[in-house]
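# Inside the fold
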Amino acid sequence: MKKTLYLKFLLAYLIFGIFGFIVVSTFSPGMVRDHFIKDYAERFYSEANLIASTYASELYNSEIDLETVKDQLDALALYMNASIQIINPSGRVILDSQRKLNIEEVISIENFDPTITGNSYYVVDRFFDSFEKQHLTVIAPITSDFKVKGYVSIHYPMREIERVSNKLTGIFMLTFVVLFLLSMIILIFFTEIVYVPLRKITHATEQYASGNMHYEFQVDSDDEIGYLAACLNYMASEIARSEDDQKKFVANVSHDFRSPLTSIKGYLEAMLDGTIPPEMHEKYLGIVLNETERLTKLTNSLLTLNNLNTKGMLLEKTDFDVNNVIRTTAASFEGVCLKKKLAIEVILTGEEMYVNADMEKIKQVLYNLLDNAIKFSHHDSVITIETTEKKNKIFVSVKDTGIGIPKDDLKLIWDRFYKSDLSRGKDKKGTGLGLSIVKEIINSHNENINVISTEGVGTEFVFSLPMSKKHNEEE
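Every chain's residues receive numbers from 1 upward, in the order its sequence appears when written. Predicted model: local features are reported for residues with pLDDT of at least 70 only, side-chain atom pairs are reported and counted for 80 or more only, and whole-chain, interface and lining totals are derived from all residues. The basis for every side-chain value is the complete set of heavy atoms in the structure, and neither hydrogens nor water enter the calculation.

## Some remarks on the packing of helix H1 (residues 5-60) against helix H2 (residues 66-80)
Viewed as axis vectors pointing N to C, H1 and H2 meet at an angle of 170°, and their least axial separation amounts to 10 Å. Classed by the angle they form, the pair H1 and H2 counts as roughly antiparallel. Note on element contacts: H2 touches H1 through Leu66, Val69, Gln72, Leu73, Leu76 and Met80, opposite Phe44, Glu47, Ile51, Tyr55 and Leu59. Each residue belonging to the contact of H1 with H2 can be placed in one class, and the counts come to 9 nonpolar, 1 polar and 1 charged. Helix axes are fitted to C-alpha atoms over the stretch in contact, other axes to C-alpha atoms as well, and angles between N-to-C directions run from 0 to 180 degrees. Counting from the N terminus, the helices are DSSP H or I runs at least four residues long and the strands are E runs at least two residues long. Relative orientations are named as follows: roughly parallel for angles under 35 degrees, roughly antiparallel for angles over 145 degrees, roughly perpendicular for angles from 65 to 115 degrees, and oblique for any other angle. Any two residues whose heavy atoms approach within 4.5 Å at even a single point are treated as in contact. Residue type decides the class: Asp, Glu, Lys and Arg count as charged, Ala, Val, Leu, Ile, Met, Phe, Trp, Tyr, Cys and Pro as nonpolar, and the leftover types, Gly among them, as polar.

Right under this line is the structure:
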């Protein structure tokens, strides 16, 4: 896999910087220049109109002398850093802030045309070749008695406007460069917050794809990437645990099948080659029969567990009397209890207690729990089965006073093929699948089963079942 994501991001970042700089350097000067031209033109045009309506108008009406107007125009021109002229309609310059007042000197602008500005109020040119370089010029008419007596023109050098606009453009470009460099912080954050964790996740997925499900990594982040990493870690650990369970499952199945098969083969070979005399065949055939029963039980348990784990398994739920199921299941252990001198005490709530569940599977739950209790109970002890009703639930308890389960083993008893060390001495024929089957059946009913056990005192299993509507109606 080509690792190009980061390079693509860098390339996009550089392209953004280059194109951004090109755009700023290409469009900003013209835009800034136009802005200043319009801004200066606006201000100068206002001044020209003010001069035309005051000093110039008074001059043409002989209300003020030429020298006074010249002094005022020179002051305004100095303030605005511009040149001001008063021009006759014929093009003769009456006053010019750039020249000394000389009445005898006649200065005319050839081809003077006051409409040079067109639809605008300003123009940028050399003003009929009056200047060597381009100037911004505004023209305002001087009117009296509804007649145009002359014009006020204000001229400002374009080099000054360009100097100011270039300076501002330089500031814009410098600002863009600084912002572009500062934006590298985003790149650093992207690297640390997104890219580095993403590389860890990518490397982890490569490890998992190669089969290394025990590979662990850590992303210290509380955002979506951190959550993704945590989920990926959890998924890998669950797959690794599943693989370990699968290996353990195969190993346990192999072990539990190998032992009885080895015994059967050994006894049969011994009978065939005469090691076991004919008069002893009946005894050892009984042992062989017990071993085959053990294999049959193990196979049936595996098939049951496999069916329970199949997704989409349908439960044949019906309303039935759980008290009756408890009585019949307890009665089926009568022979075993007589041999071990055990008693089963049944404490039931009411004569009938209807639940909604799969009756055959609940029978199997009760059978497995009673079978367990009998195996690990002492001689001359009592096993108690009790039902209680609470909040539309029926709770069934199977309690013994046997050897109990060590505290460290309580979380493991639901695992397939699990047998505690204390159970090995008593549970010679157990498959280690009984409680796994119980757990799967109860879970498939969306109910719970719990265990309370004290080593050397006894064990109690309690599971819940939903009360049927029929039971509620009878009440």
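## Some remarks on the packing of aromatic side chains
When the centres of two rings from Phe, Tyr and Trp lie within 6.5 Å, Trp using its six-membered ring, the rings pair. Their planes under 30 degrees apart give stacked, over 60 give edge-to-face, and anything left gives tilted. In the structure shown here, the tally under the stated rule is 16 aromatic pairs. Taken together, a centroid distance of 5.2 Å and an interplanar angle of 45° make the contact between Phe44 and Tyr156 tilted. Here Phe44 is found in helix H1, whereas its partner Tyr156 is found in strand S5 (residues 147-157), with 112 residues between them in sequence. For the pair Phe44 and Tyr156, one class covers both residues: buried. The structure contains a cluster of three or more aromatic residues connected by ring pairs, namely Phe36, Tyr40, Phe44 and Tyr156. Definition used: whenever NZ (Lys) or CZ (Arg) falls within 6 Å of the ring centre and also within 35 degrees of the ring normal, the charge is taken to sit over that ring. Its end group placed over the ring of Tyr40, Arg43 keeps NZ or CZ at 4.7 Å from the ring centre. Partly exposed describes any residue whose relative accessible area lies between the buried limit of under 20% and the exposed limit of over 50%, with all areas from a 1.4 Å probe on protein chains only and scaled to the type maximum.

## So, the sheet that holds strand S9 (residues 382-390)
Note: two strands are recorded as paired if DSSP finds a minimum of 2 bridges between them. Taking strand neighbours across the sheet as the criterion, the 5 strands line up as S7-S9-S10-S12-S11 in an open arrangement whose pairing is mixed. Looking at the sheet topology across the chains shown, the edges are occupied by strand S7 (343-347) and strand S11 (449-454). Averaged over all neighbouring strand pairs, the angle between strand axes comes to 15°, with direction disregarded. The pairing of S7 with S9 spans 5 bridges and is parallel. Bridged to Ile344 within S9 is Ile383. Helix H7 (residues 322-331) rests against S7, S9, strand S10 (393-400) and strand S12 (458-466) of the sheet, and its axis sits at about 175° to S9.

## Concerning unusual backbone geometry
Even without being a glycine, Ser62 presents a positive backbone phi close to 60°. Looking at the element boundaries, Ser62 is found in the loop between H1 and H2. Despite not being glycine, Phe128 shows a phi value in the positive range, around 55°. If you trace the backbone, Phe128 turns up in the loop between strand S3 (122-125) and strand S4 (135-144).

## Structural notes on helix H11 (residues 434-444)
Within H11, the full set of buried residues consists of Leu435, Ser436, Ile437, Val438, Ile441 and Ile442. Looking at the residues trailing H11, positive phi occurs at Asn446, about 60°.

## Points about helix H4 (residues 184-209)
Every helix has an expected span of 1.5 Å times one less than the residues it contains. Look at H4: 35 Å from first C-alpha to last across 26 residues, which is about the 38 Å you get at 1.5 Å a residue. Here the bend at each residue means the angle between axes fitted to two seven-residue stretches, the one ending at that residue and the one beginning there. At Thr191, H4 shows its maximal kink, close to 40°. Taken together, the buried positions of H4 are Leu187, Phe190, Thr191, Tyr195, Pro197, Ile201, Thr202, Ala204 and Tyr208. Looking at the residues trailing H4, positive phi occurs at Gly211, about 105°.

## Considerations on the sheet that holds strand S1 (residues 83-87)
The 5 strands lie next to each other as S2-S1-S5-S4-S3, forming an open sheet whose pairing is antiparallel. Strands with a single pairing partner mark the edges of an open sheet, and in this sheet they are strand S2 (93-96) and S3. Going across the sheet, the axis of each strand differs from the next one's by a mean of 25°, ignoring polarity. In this structure, S3 lies alongside S4, joined through 4 bridges in antiparallel fashion. Bridge pairing in S4 links Val123 to Thr137.

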